[in-house]
Amino acid sequence: MYDRYGRKIEYLRLSVTPRCNLNCFYCRPETCPDGESEQSALPLLSAAECGRIVRAAALAGVRKVRLTGGEPLLRPDLAEIIRLIRQIPEITDLSMTTNGHGLAKQALFLKQAGLDRVNLSLDSLRAERFRLITGGGLLDEAFAAIDACLEVGLTPLKLNTVLVRGVNDDEIGALIELTRSRPIAVRFIELMPMNPLSRNNDNLVTGAEILAAFPALQRIPASDPAAPSEDYQLPGYAGSVGLIRPISHRFCSSCNRIRITADGMLKPCLGDAGEISLLAALADFNEQTLNETIKQAIFNKPAGHSFNPGFSPARSMNRTGG
Ligand code: SAM
């Protein structure tokens, strides 16, 4: 369906848990450094509730679903959630954003449950730096996940890198090199102001800087016109490079997304504090109310995010779902 600004909303990001096994410094909650107390206090949507929400959202026009978190792989019933969503005929694209730790073992199982593809977070190609950025992550796990996704067909595979000045911006070239022989998309995401570290504008590396440093990148047509990334390629390379520029190039006018948190709140915009509870409709088993609540939230989606230097999110990224 269309919102009041004429945007066609057909993409749902569904967070299945606020818990994460990593602790990326630009993402972690500001109130609890380990994120643990905040993460464990919340009652989560059940797999069945996730299915009911997506079914109601599909009736409101949603066609694409991305599972996120926190870390979705921590959800023991993840395959069940995938199976329930896969049964909804209107949903034509079901993907997951993950740090990939433990994915290699589960990739085939999740593919067979109905997962189409994966976006994997990869902020460095250097093991020690990767560990520091992610608060304990293992680069080998990320690469095992990349290989497994390509092997079982969780594709097209996209790698997401959040660039932070002075931290990993010297690896842009090496990350682009991953696309030389692999049919993957490496996407550079501008740092969004989600916690004090990421709120420092000096840390932002813009898409324009990447284009200036790598002038051989050639613009290619977007695989999905509603996707937030601008796509580029180095001539002769198998994969592509995406720039996601929420800060320097707002894409709010073409935003087609809503988000649902793992505790059942609908967030029409990542960069806006507004959220609408779906809990009463879920508790009453009232599918019509659920559908109406989602439709109303879509219609009233804010015109644009308010990421500015003073922005302070009501929820940390892990509790919203990235
Ligand atoms: N645990 C999963 C993962 O690591 O991909 C999914 C959740 S994570 C919150 C989803 C995405 O949000 C990741 O690609 C992460 O890099 C991105 N993200 C988190 N904080 C961000 C920030 N301050 N600015 C830009 N992207 C951010």
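Scroll up to find the structure this text is about.
These lines cover the structure that appears in this document, whether it is placed above or below.

Calculation criteria
Residues numbered from 1 in each chain as written. Predicted model: local features only at pLDDT ≥ 70, side-chain atom pairs only at ≥ 80, totals over all residues. Heavy atoms only, no water. Helix = DSSP H or I, 4+ residues; strand = E, 2+ residues; numbered from the N terminus. Polar contact = N/O pair within 3.5 Å; in protein donor to acceptor, adjacent residues only side chain to side chain. Core = buried A, V, L, I, M, F, W, Y, C linked by side-chain atoms within 4.5 Å. Buried < 20%, exposed > 50% of the residue type's maximum accessible area, 1.4 Å probe, protein only. Contact = heavy atoms within 4.5 Å. Phe/Tyr/Trp six-rings, centres within 6.5 Å; stacked < 30°, edge-to-face > 60°. Lys NZ or Arg CZ within 6 Å of the ring centre and 35° of its normal. Near = heavy atom within 4 Å. Areas by Shrake-Rupley, 256 points an atom, 1.4 Å probe, with all protein chains shown as cover. Nonpolar A, V, L, I, M, F, W, Y, C, P; charged D, E, K, R; others polar.

## Brief notes about the environment of E128
Assignment of secondary structure puts E128 in helix α5 (residues 127-134). On a C-alpha basis, the gap between E128 and L138 in space is 8.6 Å, while along the polypeptide they are ten residues apart. Side-chain polar atoms of E128 contact the side chain of R131, separated by 2.7 Å.

## Some words on the nonpolar core
The biggest cluster of nonpolar side chains holds 70 residues, and the ones touching the most others in it are L14, V65, L67, L103, F188 and I294. With seven residues, the top contributor of residues to this core is helix α2 (residues 47-59). Other than its neighbours up to four places away in sequence, F188 contacts T161, L163, I172, L175, I176, I210, V241, G242, L243 and I244. Residues Y26, V164, L204 and F251 belong to the second largest nonpolar core, which totals eleven residues.

## Details of the packing of aromatic side chains
The description of an aromatic ring pair uses the distance of the two centres, along with the angle that the planes make with each other. Going through the model one piece at a time under the given rule, you end up with one aromatic pair. Relative to Y26, the ring of F25 lies with its centre 5.7 Å away and its plane at 75°, an arrangement referred to as edge-to-face. One cation-aromatic arrangement involves K64 over Y11; the distance from NZ or CZ to the ring centre is 4.8 Å.

## Points about the site of the ligand
For the ligand, the set of nearby residues contains 20 residues, the closest of which are Y26, G70, E71, S121 and M192. In this structure, Y26 approaches the ligand through a side-chain N or O atom, which is 3.1 Å from an oxygen atom. Within the backbone of G70, a nitrogen or oxygen atom sits 2.9 Å from a nitrogen atom of the ligand. Protein contacts shield 95% of the accessible area of the ligand, which totals 550 Å² for the unbound molecule. Elements with a minimum of two residues in the shell around the ligand: β2 (64-69), β3 (93-98) and β5 (158-162). Residues of the shell around the ligand, tallied by class, amount to eight nonpolar, ten polar and two charged.

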